[in-house]
Amino acid sequence: MKLTEILYQNICSLSFEVFPPKADAAFESVKAAVEEIARLKPAFMSVTYGAGGGTSEYTLRIAEEIKERYTVPTLAHLTCVSSTKETVAEKIAAIKAAGIENIMALRGDIPPELAGTDRSGWAYHHAIDLIRELKESGADFCIGGACYPEIHVESTDQREDIRYLKEKTDAGCDFLTTQMFFDNNLFYNFLYKIREAGITVPIIPGIMPITNARQLARAIHLSGSFVPQRFKALVDRFGADDRAMMQAGIAYATDQIIDLYANGITNVHVYSMNKPEVAAGIQRNLSAILGK
Ligand code: FAD
């Protein structure tokens, strides 16, 4: 099923993101966690793509498993930067052959060791290059793209970031999913600006439940997200107690999601980080709202 069939429905729903294992040894445990999350029957599940493509075969295997065994619509992530045209074409063909209809088309992070090097000869520079290629391939995917309410870490100017985002949606992005944020007002402000810029596709807010203090430090390092005082106080108070922090983190994410629904958002994507107890905890908190 194409995600656009879900995203235009006026029904509150949740979707979950999982990530593939980095090595064979972890495959079975990741698969078990993913299956538990799939049993919650979310609106869809996304499977990330390892930076640099190292775990790409697992992305597809896990996405296929979710779709075939649990009949949950799946979104396979694909990054293009530092890949060749041939590699990307092979990946696209494999996703299509697996019957997966949704691709999250991403640039990916520039590998740190290549950051200062001459990239003029690279086949892909930005996500838009991959989106154009997907459209030109005629493969009829529903295509997602990433967006950043607090601007992308490499950008210095939000207007420029939004101008590139508009080009990305004009090139064929059917929906956008946001980077995590902990202050909904930043998201509402961003939504206003992108609608004003003429971006009309559905925007899926991405919510990261923080369930331990170390995870927060890592999340901020990667995303540069602003942490409101209210959330800092919560981590200061409960961060040293894993069970308490898990409960508080789930409650904070639930609160953000309820506020998003109350303000007219229908689908919220939860970065569930392969933690079934987190996905289930949030879904339980929202059971009446979700009709589950
Ligand atoms: P782009 O859209 O190419 O944007 C990157 C930067 O380039 C921005 O600063 C933008 O303003 C600028 N830009 C865009 N177009 C142009 C242009 N034409 N000319 C000049 N500048 C331009 N990473 C993974 O490795 N695997 C994943 O599975 C994954 N999933 C993600 C899911 C979501 C929802 C999000 C938000 C991020 C995800 N990432 C993932 C991280 C992502 O790969 C990085 O944030 C990456 O640095 C940017 O990817 P992008 O697709 O947003 O790039």
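For the structure itself, consult the block above.
As a starting point, this report considers the structure included with it.

Parameters at a glance
Residues numbered from 1 in each chain as written. Predicted model: local features only at pLDDT ≥ 70, side-chain atom pairs only at ≥ 80, totals over all residues. Heavy atoms only, no water. Buried < 20%, exposed > 50% of the residue type's maximum accessible area, 1.4 Å probe, protein only. Helix = DSSP H or I, 4+ residues; strand = E, 2+ residues; numbered from the N terminus. Pairing = 2+ DSSP bridges. Right-handed = clockwise from strand over helix to strand, strands pointing away. Salt bridge = Lys/Arg side-chain N within 4 Å of Asp/Glu carboxyl O. Axes fitted to C-alpha atoms, helices over the stretch in contact; angles between N-to-C directions. Left-handed = near helix turned anticlockwise from the far one by under 90°. Contact = heavy atoms within 4.5 Å. Core = buried A, V, L, I, M, F, W, Y, C linked by side-chain atoms within 4.5 Å.

### Brief notes about the pairing of strand 5 (residues 142-147)
Logical step 1: In terms of burial, strand 5 is largely enclosed, as six of its six residues are buried.
Logical step 2: Note that strand 4 (residues 102-106) and strand 5 share three bridges and pair parallel. Opposite Met104, over in strand 5, you have Gly144 as the bridge partner.
Logical step 3: A crossover links strand 4 with its parallel partner strand 5, the connecting element being helix 5 (residues 127-136), and its sense is right-handed.
Logical step 4: With four bridges connecting them, strand 5 and strand 6 (residues 175-180) associate as parallel partners. Residue pairing in the sheet places Cys147 in a bridge with Thr178 of strand 6.

### Side note on the pattern of salt bridges
Logical step 1: By the definition in use, this model includes eleven salt bridges.
Logical step 2: One salt bridge in this structure joins Glu28 and Lys31, with 4.0 Å as the shortest N-O distance. With Glu28 and Lys31 both in helix 2 (residues 27-38) and three residues apart, this pair spans about one turn of that helix.
Logical step 3: Since its relative accessible area comes to 54%, Glu28 is described here as exposed.
Logical step 4: Of the charged contacts, one joins Glu65 and Arg69 as a salt bridge, the two residues approaching to 2.9 Å between their closest N and O atoms. Of this pair, Glu65 and Arg69 both sit in helix 3 (residues 56-70), four residues apart, which is roughly one turn of that helix.
Logical step 5: A relative accessible area of 53% means that Arg69 is categorised as exposed.
Logical step 6: Because the salt bridges share partners, they merge into one network encompassing Glu28, Lys31, Glu35, Arg39, Glu65 and Arg69.

### Points about unusual backbone geometry
Logical step 1: Positive phi values are uncommon outside glycine, yet Lys41 reaches one of about 55°.
Logical step 2: Secondary-structure assignment places Lys41 in the loop between helix 2 and strand 2 (45-47).

### Here's the deal with the packing of helix 2 against helix 3
Logical step 1: Two elements in contact, helix 2 and helix 3, have axes separated by 11 Å at closest approach and are oriented at 35°. Where helix 2 crosses over helix 3, the handedness of that crossing is right-handed. Across the interface between the two elements, Phe27, Val30, Lys31, Val34, Glu35 and Ala38 of helix 2 pack against Tyr58, Arg61, Ile62, Glu65, Ile66, Arg69 and Tyr70 of helix 3.

### Looking at helix 5
Logical step 1: Of all the residues in helix 5, the buried ones are Ala127, Ile128, Leu130, Ile131, Glu133 and Leu134.
Logical step 2: Buried residues along helix 5 sit against strand 3 (74-79), helix 4 (85-97), strand 4, strand 5 and helix 6 (158-170).
Logical step 3: A positive phi of about 70° marks Gly138, the residue just after helix 5.

### Details of the nonpolar core
Logical step 1: Leu14, Met45, Ile257 and Ile282 are the most contacted members of the largest nonpolar core, which totals 65 residues.
Logical step 2: No other element matches the six residues that helix 3 contributes to this core.
Logical step 3: Non-local contacts of Met45, meaning those with residues more than four positions away in its chain, are made with Phe16, Val18, Val34, Ile37, Ala38, Ile66, Val72, Pro73, Thr74 and Leu75.
Logical step 4: Core analysis: the next-biggest nonpolar cluster, separate from the first, contains 14 residues, Phe182, Leu234, Val235 and Met245 among them.

### Quick look at the sheet that holds strand 8 (residues 267-271)
Logical step 1: The strand order around the closed barrel built from eight strands is 1-2-3-4-5-6-7-8, with neighbouring strands paired in parallel fashion. Adjacent strand axes in the sheet meet at a mean angle of 30°, parallel and antiparallel pairs treated alike.
Logical step 2: Strand contacts of helix 3: strand 1 (13-18), strand 2 and strand 3, with the helix running at about 165° to strand 2, the strand carrying the most contacts.

This is a description of form; function is not addressed.
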